[in-house]
Amino acid sequence: QVQLVESGGGLVQAGGSLRLSCAASASIFSNNVMAWYRQAPGKQRDLVAAIASGGTTTYADSVKGRFTVARDNVKNTVYLQMNSLKPEDTAVYYCSAAKGLRRYWGQGTQVTVSS
């Protein structure tokens, strides 16, 4: 059974930091690209960052230099460290991975950045 469980969201002031965690089942985590997406109200869900099993990372231009994605291949957990947060980072953040032809999603965690 595939499980993706996010935690770590909350309310923070602009300029602050948060760290999101996503605990994944081994069946979806092992040797797989793990990704973070976000969706703001009324907007589409967009890729924020992704990390391959070997550690190669990719970031959306809007978060480069502020967010860092990392993974612990022993704990089957992926992290998103978010620094210098801005009000426009406010969204529901989802952990995601694909297996076969299907993309799996966590339940999401709300991040709200106040100005």
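The structure under discussion appears in the preceding block.
J.: Sorry if this is basic, but what is going on with the sheet that holds strand β1 (residues 4-7) here?
T.: Across a sheet, paired strands are connected by hydrogen bonds in the backbone, their directions being either parallel or antiparallel. One open sheet holds the 4 strands; their spatial order is β1-β3-β8-β7, and the pairing between them is antiparallel. The strands lining the two open edges of the sheet, one partner per strand, are β1 and β7 (67-72). Strand after strand, the sheet turns through a mean of 15 degrees between neighbouring axes, direction not considered. Judged from the 4 bridges that link them, β1 and strand β3 (residues 18-24) form a sheet pairing that is antiparallel.

J.: What exactly am I supposed to notice about the environment of Leu4 here?
T.: Here Leu4 shows up in strand β1. Assessed through its relative accessible area of 8%, Leu4 is described here as buried. C-alpha of Leu4 to C-alpha of Gly108: the two residues are 104 residues apart in sequence and 9.3 Å apart in space. When neighbours within four sequence positions are excluded, Leu4 is seen to be in contact with Cys22, Ala23, Ala24, Ile28, Met34, Cys95, Ser96, Ala97, Tyr104, Trp105, Gly106 and Gln107.

Conventions used here
Residues numbered from 1 in each chain as written. Predicted model: local features only at pLDDT ≥ 70, side-chain atom pairs only at ≥ 80, totals over all residues. Heavy atoms only, no water. Pairing = 2+ DSSP bridges. Helix = DSSP H or I, 4+ residues; strand = E, 2+ residues; numbered from the N terminus. Axes fitted to C-alpha atoms, helices over the stretch in contact; angles between N-to-C directions. Buried < 20%, exposed > 50% of the residue type's maximum accessible area, 1.4 Å probe, protein only. Contact = heavy atoms within 4.5 Å.

Function cannot be read off these values alone, since they describe shape.
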